[in-house]
Amino acid sequence: MDLIKNLTGKNPADYEPVAATIINNADVELFKELVSRDDYLFDFVKQNVAQRLSKACNKSNFKNLYKFLDIYSPYYDEFISSTLAQFSDETVEDYMLNVLENGSEDAKTYSASYFSYVPNTKALSFLRGNAYSENTNLAVNCAVALSKLNDRECYNVALEKLKSNDSFEQYSAVKFLVNYQDKSALGAIFEAMKNSMMAENIAGEIPYLASLTELINTDFQEDAILAFCYILNGLAELISIAQVIDFDFYNLISQMIKSSPNGAIAVALLMAKEKFETFVENEEYLFDEDKNTKNEVNDINILLKNIDTRKYESFVFEELYEESAFVFFAMDLIKDKDSLAELLGGQNQTVILKAMSILKNLGHLSSDYKSIGLNNISDENIKQVALAL
């Protein structure tokens, strides 16, 4: 008999006895088998299983969960840690504190999560020390627990890390701040995004701290649209296409369409139109995605098909200056050689190189244009690339 099949099925007569067996008997092997199927079960099925296991727990058997602490799964983390917290007393707290010190890494990950439900200053040292762990689940749980403890030490350290010249350090700080869930860090995160080599990665974290759909109705409107553009730029390569559902892209795009057009909105909508047309027209992008993702992408593509492209094209030129945060995205949308050539006389050498590259691809990089660009490039590495065009 396949007990996991029964546990994940729809019939209470099948799944309730299996859930009770796992909890009442502390059946580590069966729980391990369940976790081994994480990659093969739909998320909603795993959510159902977590609820069934939780329902099987009570004050008499909940300590049997200790036996499962060495088998980590992010899908059963909340169930285990919240159940232990629900029945927690001083004995349980002491046990979980000991796990932080002496347990396996899996057990420590569950324990860190437990302390997000039962804040305890005795856990501070461990939580601070592992807030940037290479174990992503452990780092996330530590950040959440530190937030519940209102620990500003790690929060302030993260804000300082955002100013680092190391893009990886910036990104790790962003992930901490997003998990810490303090929206007052948004301004600093947006600034880090604008100056990071990992702008797409950072942008992909921001919607988990604050909805871009809501932010475009605030003072962060331009920053939110810029984050949207970076996410678009990284979709499929760096950011999963399935995340368009998490990011609420359909409603975000709808709001931009309804808004009075400006340069930022125009760039964002025209970028999105090209991107989603590409996804729909090329089967390989959506082949492995689930039905919900495919439907969402198709709905977004239909929404964008109906926009007045010509109306927005005129606004893109508003962002065609080297100080604009949108200039690199705008350049990819512009086909007018004279407008692109004007950028060759600027001071931003990266912008100059990109303008030369686009002109080359359009067949318009004349010797005069090339000379103007090269005369304004002093960085030897950039110049070598420009000379090869």
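First, a word on what this report is: a plain description of the structure on this page. (Residues numbered from 1 in each chain as written. Predicted model: local features only at pLDDT ≥ 70, side-chain atom pairs only at ≥ 80, totals over all residues. Heavy atoms only, no water.)

Looking at the second largest pocket, its volume works out to about 400 Å³. K194, S196, A199, Y230 and F328 are, among the 18 residues lining the second largest pocket, the residues nearest its centre. Within the residue set of the lining of the second largest pocket, elements represented by two or more residues are α12 (186-194), α13 (199-205), α15 (221-234) and α21 (327-333). Here the element with the most residues in the lining of the second largest pocket is α21; it accounts for 3 residues. Taken together, the residues of the lining of the second largest pocket break down into 9 nonpolar, 5 polar and 4 charged. (1 Å grid on protein atoms, 1.4 Å probe; cavity = no way out; pocket = protein on both sides within 12 Å on 5 of 7 lines; lining within 4 Å. Points joined across faces, edges and corners; volume = space filled by probe spheres on them. Helix = DSSP H or I, 4+ residues; strand = E, 2+ residues; numbered from the N terminus. Nonpolar A, V, L, I, M, F, W, Y, C, P; charged D, E, K, R; others polar.)

With 13 residues, helix α23 (residues 349-361) extends 18 Å between its outermost C-alpha atoms, agreeing within 8% with the 18 Å of an ideal straight helix rising 1.5 Å per residue. Within the sequence span of α23, burial applies to Q349, V351, I352, L353, A355, M356, I358 and L359. Next to the buried residues of α23 lie α21, α22 (337-342), α24 (367-375) and α25 (380-387). Two or three places before T350, at the start of α23, stands the capping residue N348, its side-chain oxygen 3.1 Å from that residue's backbone nitrogen. Residue G363 follows α23 closely and has a positive phi angle near 80 degrees. (Expected span 1.5 Å × (residues − 1). Buried < 20%, exposed > 50% of the residue type's maximum accessible area, 1.4 Å probe, protein only. Contact = heavy atoms within 4.5 Å. Polar contact = N/O pair within 3.5 Å; in protein donor to acceptor, adjacent residues only side chain to side chain.)

Helix-helix packing is characterised by the crossing angle of the two axes and by the distance between the axes. Remark: α23 packs on α24, axes separated minimally by 10 Å, with the N-to-C direction vectors making an angle of 165 degrees. If you check the angle between α23 and α24, you find them roughly antiparallel. The way α23 lies across α24 gives a crossing that is left-handed. On α24, the residues touching I352, M356 and L359 of α23 are Y369, K370, G373 and L374. (Axes fitted to C-alpha atoms, helices over the stretch in contact; angles between N-to-C directions. Parallel < 35°, antiparallel > 145°, perpendicular 65-115°, else oblique. Left-handed = near helix turned anticlockwise from the far one by under 90°.)

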